[in-house]
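Coordinates in review
Okay, here's what each chain looks like letter by letter:
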Amino acid sequence: MSAPSGGGASRDGYGAALLEMLDDDKVVVLEADLGKSTKSCLFRAEKPSHTVSLGIAEQNMMLVAAGMSTSGYVPFASTFAIFTERGFEQVRNGIARPNIVVHLCGSHGGIHTGTDGSSAQSIEDLAIYRTLPNMTVLHPCDDVSAKALTLALRNHDRPSYMRTARNKVPRSYSDESSNELKIGKGYVHRTGDDVAIIACGVMVNEALEAADLLAKSGIQATVVDMHTIKPLDTNLVTELAKRCGALVTAEDHSIIGGLGGAVAECLVSHYPVPLERIGVQDRFGESGGSDELLEMLNMKAKNIVDAAQRAISRT
Amino acid sequence: MAERGMGLEIPELESMAKRCRRNIVRMVYGIGAGHPGGSLSAIDMLTGLYGHRLRVDSDNPKWSDRDRFIMSKGHASPGVYSILHERGFLTEDDLSSFRKLGGSCQGHVDMKWCPGVDFSAGSLGMGLSFGIGCSLAAKLDGSDRTSWVMLGDGELQEGQVWEGVMSAVHHEIDNLTVIVDRNGIQNDDFCETQMRMFDVSEKFASFGWAVMEIDGHDMAQVVDAIDWADQVTGGPACIVMHTVKGKGVSYMENNPKFHGAAPNEEQFILAMEELS
């Protein structure tokens, strides 16, 4: 069973942030038919003059956004995460290469998307966008942080990709704590010295639950929401490696190339310590409820607990 | 505010195009690489656009209210560089930097490297979409600036082009003109052998575009077509210009080998004689 899409899904935060920008006539919103899903429909309903519907044609949308950006506008373009990938080369050559500020949002990312099945479950988006020079890559964990980070993009001077999730998870932020969010800086939700769990997206909630479970067995874990995959907060990762000596990453994404890959690259360059990576283990998903899939793919809090113990045992 | 074009008459435009042809061949010969064929087929229209119509300012290349020219077939960069030289954006030294490390004249036109270039091309099929974005922004601004996009005929095989063709009509973008350089040759061979496109004008017309066909090497027709496109209202305009790839250099004309190859010394000398 998929969780209902309520106030806690990060895509809702994206839609809410767009509404906060209604007074800004330089903000334009682009859609490729899925505005009801990505939540850009909220903006469209209020300001159709600044919303461009481009139909089911993602490649065109990428370059229309680029053209508007070079003419002084700040485009927020969205579709499903998986369908942004159809326009990857457009993003590469038409946006990232000339460093044109377009903010691309891919919703319904990860296996958490659920019953739509593997064709809709992008598990490689963070990895592929992370390879592009100039790109900022974000993956907030709930609606409150998604709203704060989307608003922060308004004055961001580089192109970005932000993945949001379809389904609701318990909130990790209040309005107050979300005010502290900064692009490129991991947010420390909980501090402990035995192991550090670095998570993003819907896995932040699992990581916080795992920290509670670890505490019951006397293991104190730091939990970080690494909402910015690129540029990675390497200072924080290195500091955690030095202080805790064992790390776990947790992401609703392939363990290849995403948050786990980014943290691994950082560690081998700066301060190698044992690292365990929780995520999708080089396979595709399938239809099922969000929790069922997390369970089947060993991505629940209990799996993070096991990974933390493995990482500690390797020190 | 800059003026439209350069106030040139047809014979002056024809002379300018010939100077550009010489520079195209010089650039490609100088580095031993590049795409002369599609530059030579496009250059009469490029001359018509920059010499007769476009409102741009070489003293202020990023002037926000300039007309946009988007060379979607970005390999025809020598053609663009040669006309930007004529319009005062590039020096002789700039032209000599073609395809060289650190040079403003990159292999494919690049807005980050070259003043006067509005779009970083090189991957076919993207320019129309970018032009649509520029035109939508002009409308939001309430500006009368316009966007002109040149596509290759082989480029029409890219699916993204037709996404753009559809959306330009849907959004009734009448400050946008597409020019199709119908030279009939693409990288490997003649278009007819690679992927037949049949009646290009009919295709655009069937999507709802206003279409005009011309001889892309007849400067009077080029100028008339540009003026016609300016008068089209309610939707986008498309000029399908029939051209000869390699036009002006006998051994390059209609020869697929010179899509992306430089002449040797003997061929270079012959080309300069023919273009004198």
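In this numbering scheme, every chain counts its residues from 1 along its sequence in written order. Here the convention is simple: chains get letters from A, ligands get numbers from 1, in the order in which they are written. Whole-chain, interface and lining totals are the exception, using all residues; otherwise, since this is a predicted model, local features are given only for residues with pLDDT of at least 70 and side-chain atom pairs are given and counted only at 80 or more. Side-chain metrics rest on all non-hydrogen atoms present in the structure, leaving aside hydrogens and water.

1. A look at the overall build of chain B
From N to C terminus, chain B includes 10 helices and 5 strands. The size measure is the radius of gyration over C-alpha atoms, and the globule rule it meets is 2.2 Å times the number of residues to the 0.38 power. Taken over the C-alpha trace, chain B has a radius of gyration of 17 Å; the compact-globule value for 276 residues is 19 Å, and the two agree within 12%. Its C-alpha atoms put chain B at 50 × 45 × 35 Å along the principal axes. Sorting the 276 residues of chain B into buried and exposed places 59% on the buried side. Counted as positive: Lys and Arg. Counted as negative: Asp and Glu, with His and the chain ends omitted from the count. A single reference atom marks each charge: NZ on Lys, CZ on Arg, CG on Asp, CD on Glu. Mean positive and mean negative side-chain charge positions of chain B (24 and 40 charges, respectively) differ by 3 Å. Strands here are runs of E lasting at least two residues and helices are runs of H or I lasting at least four, both read from the DSSP assignment and numbered beginning at the N terminus. To sort residues, take the accessible area from a 1.4 Å probe on protein chains only and compare it with the maximum for the residue type: under 20% means buried, over 50% means exposed, and anything in between is partly exposed.

2. Let's talk about the domain arrangement of chain A
Residue and element names in this part refer to chain A. Either an automatic procedure or a domain database provided the assignment from which the domain bounds are taken. Annotation of chain A at the domain level lists domain 1 (10-163) and domain 2 (187-313). The interface is formed by 28 residues belonging to domain 1 together with 32 residues belonging to domain 2. The buried area of a pairing is the accessible area, by a 1.4 Å probe, that goes missing from both parts when the two are put together, added over both. On the domain 1 side of the contact with domain 2, Ile111, Ile123 and Arg130 bury the most area, a combined 33% of that side's loss. With a shortest N-O distance of 2.9 Å, glutamate 265 and arginine 130 are connected by a salt bridge. The contact definition used throughout considers only heavy atoms, calling two residues in contact when any of these lie within 4.5 Å. One side-chain nitrogen of Lys or Arg within 4 Å of one carboxyl oxygen of Asp or Glu is enough to make a salt bridge.

3. A look at the pattern of salt bridges
Within this structure, the stated rule accounts for 30 salt bridges over all chains. Salt-bridge contacts for glutamate 276 of chain A lead to arginine 314 of chain A; the nearest nitrogen and oxygen are separated by 2.7 Å. Of this pair, glutamate 276 of chain A sits in strand 12 (residues 275-280) while arginine 314 of chain A is found in the segment after helix 14 (301-313), placing the two residues 38 residues apart along the sequence. Using a relative accessible area of 14% as the deciding quantity, one classes glutamate 276 of chain A as buried. Residue arginine 55 of chain B is joined to aspartate 144 of chain B by a salt bridge in which the shortest nitrogen-to-oxygen separation is 2.9 Å. With arginine 55 of chain B in the loop between helix 2 (36-53) and strand 1 (68-71) and aspartate 144 of chain B in the loop between helix 5 (127-141) and strand 2 (147-152), this residue pair connects regions lying 89 residues apart in the sequence. Three or more residues are tied together by salt bridges with common partners; here these are Lys26 of chain A together with Asp65, Asp141 and Arg145 of chain B.

4. Observations regarding empty space enclosed by the protein
A 1.4 Å probe that fits into a set of points on a 1 Å grid over the protein atoms alone but cannot get out defines a cavity; an open set with protein on both sides within 12 Å along at least five of seven lines defines a pocket, and lining residues are those with an atom within 4 Å of a point. Grid points are joined across faces, edges and corners, and a volume is the space filled by probe spheres set on the points. Going through the model one piece at a time under the given rule, you end up with 2 cavities of 30 Å³ or more. Here the largest cavity defines a volume of roughly 50 Å³. Residue composition of the lining of the largest cavity, by class: 5 nonpolar, 1 polar and 3 charged. Estimated volume of the second largest cavity: approximately 40 Å³. When residues are grouped by polarity, Ala, Val, Leu, Ile, Met, Phe, Trp, Tyr, Cys and Pro land in nonpolar, Asp, Glu, Lys and Arg in charged, and all others, Gly among them, in polar.

5. What about the sheet that holds strand 1 of chain B?
Residue and element names in this part refer to chain B. Two strands pair under a simple rule: DSSP has to find at least two bridges between them. Strands sit in the order 1-2-3-5-4 across an open sheet of 5 strands; the sheet is parallel. Each end of this open sheet is capped by a strand with a single partner; those strands are strand 1 and strand 4 (210-215). Geometrically, the sheet is characterised by an average inter-axis angle of 20 degrees between neighbouring strands, direction not taken into account. Only the contacting stretch of a helix is used when fitting its axis, a line to C-alpha atoms as for every element, and angles between N-to-C directions run 0 to 180 degrees. Against the sheet, helix 9 (residues 219-231) contacts strand 2, strand 3 (176-182), strand 4 and strand 5 (237-242), and its axis sits at roughly 170 degrees relative to strand 4.

6. Re the layout of surface pockets
Taken as a whole, the largest pocket spans an internal volume of roughly 240 Å³. Lining the largest pocket are 18 residues, and of these His75, Leu124, Gln186, Asn187 and His259 of chain B sit closest to its centre.

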